[in-house]
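Residue strings, one per chain:
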Amino acid sequence: MFKKNYNPENQPKAWIFLLPALLVIVVFSIYPLFRSLFLSFQKGSLINLSFAGIDNYKQVLSDPYFYKAMGNTALFAFTVVPIALIISLLISWIIFEKVKHKSFFETIFFMPYVTSTIAIGIVFRYFFNGSYGIINYILGFFGIPAVNWLDNVNMSMTTLIIFGIWTSLAFNIIILLAGFRNIDPEHFKIAKMFGASNWEIFRRITFPELIPTITFLLLVNVISSFKVYTQVYALFGGQAGLAKSAITAVYYIYDKFHIAGRPGVAMAATVILFLVILVITFIQNKIMKKVGE
């Protein structure tokens, strides 16, 4: 009698275990995506929708605040991501190479990641306060005049970028430390036997081995940066800075949906943002693959 070979990939029972996860993905990821696409072609309130064609897209693409929001978002992403990654790489390398009690410092650096961004934003509002903030207090020691970090149109994005860099460090450091641990220590021993300097070891061994980890962090951080909203809300007390000087793409969507009451326009902006992130992610993956080769 012919006996069928066991293949775990063809077991119907496997779908029973996958079903809960699939339901969560469909309900909270796939359905909202298609719902957003549907709403982007509607006008009116959520309880009284009617077909609007591409009018919502025309309104978004003709709105100067949308271009300002996208410009601020791009500035935030392409400034915060590389600076935070370089600082994180330096800190994680120092911890991995020079510090004995690594687990203690990992815990310290990971704490901000599990702390509410709103709570951290409230603390940073005190730090950046123009009258009694600790930042201006420190600058005063060096004879630098006090800076109006929060209520100055020209300083809003600078303040947001500084805050964004700080909030990005925790996750980056933990992932990079994991990447350092995955490098075979025999590589370092052999390199030191042949008299390689620390810089040569980092350039020829450590950095190439970290390319997959860095690629992952770039991908995740760029996507997260283009969806920045909580940092803006927390840092500027629910606003987008003075005269919307720190408005970002997601804050623009929030403003149109909840404040202006125009869900169709908000969803049109959401679809455009989704396509922008998709294109940037695709280009980034192509570039990192060439770098890895």
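Rules and cut-offs
Residues numbered from 1 in each chain as written. Predicted model: local features only at pLDDT ≥ 70, side-chain atom pairs only at ≥ 80, totals over all residues. Heavy atoms only, no water. Helix = DSSP H or I, 4+ residues; strand = E, 2+ residues; numbered from the N terminus. Rg over C-alpha atoms; globule rule 2.2 N^0.38 Å. Buried < 20%, exposed > 50% of the residue type's maximum accessible area, 1.4 Å probe, protein only. Contact = heavy atoms within 4.5 Å. Areas by Shrake-Rupley, 256 points an atom, 1.4 Å probe, with all protein chains shown as cover. Axes fitted to C-alpha atoms, helices over the stretch in contact; angles between N-to-C directions. Parallel < 35°, antiparallel > 145°, perpendicular 65-115°, else oblique. Nonpolar A, V, L, I, M, F, W, Y, C, P; charged D, E, K, R; others polar. Expected span 1.5 Å × (residues − 1). Bend = angle between axes of the 7 residues up to and from the residue. Core = buried A, V, L, I, M, F, W, Y, C linked by side-chain atoms within 4.5 Å. Phe/Tyr/Trp six-rings, centres within 6.5 Å; stacked < 30°, edge-to-face > 60°.

### What to know about the overall build of the protein chain
Secondary structure assignment for the protein chain yields 12 helices and 2 strands. Counting from the amino terminus, helix and strand elements in the protein chain follow one another as α-β-β-α-α-α-α-α-α-α-α-α-α-α. Relative to its length of 293 residues, the protein chain is extended, with a C-alpha radius of gyration of 24 Å against a globular reference of 19 Å. Across its three principal directions, the C-alpha atoms of the protein chain cover 90 × 75 × 35 Å. Each of the 293 residues in the protein chain was classed as buried or not, and the buried ones make up 37%. The contacts in the protein chain between residues at least 6 apart in sequence include a share of 66% that link residues at least 24 apart. Working note: accessible area of the protein chain is about 18100 Å², and carbon and sulfur atoms make up 68% of it.

### Quick word on the packing of helix α8 (residues 185–193) against helix α9 (residues 198–226)
Taken N-terminus to C-terminus, the directions of α8 and α9 make an angle of 170°; their axes are 11 Å apart at the nearest point. Here α8 lies roughly antiparallel to α9, going by the angle between them. Listed contacts from α9 to H187, F188, A191 and K192 of α8 are I201, I205, T206 and E209. Here the residues of the contact of α8 with α9 sort into 4 nonpolar, 2 polar and 2 charged.

### Remarks on helix α7 (residues 156–181)
For α7, which comprises 26 residues, the first-to-last C-alpha distance of 39 Å matches the rise-based estimate of 38 Å (1.5 Å per residue) to within 8%. The sharpest bend along α7 comes to roughly 35°, located at L169.

### Overview of the nonpolar core
Ranked by size, the top nonpolar core spans 67 residues in total, and within it V60, L160, L235 and Y252 carry the most contacts. Broken down by element, the residue count for this core peaks at 12 residues, all from helix α3 (residues 64–98). Apart from the residues within four sequence positions on either side, Y252 is in contact with V60, D63, Y65, F66, A69, I247, V265 and A269.

### Remarks on the packing of aromatic side chains
Two aromatic rings, taken as a pair, are described by how far apart their centres are and by the angle between their planes. According to the stated counting rule, one finds 19 aromatic pairs in the structure shown. Centre to centre, the rings of F124 and F128 are 5.9 Å apart; their planes meet at 35°, and the pair counts as tilted. With respect to burial, F124 and F128 carry one shared label: buried. By the ring-pair criterion, three or more aromatic residues cluster together here, those being F124, F127, F128, W149, F163 and W166.

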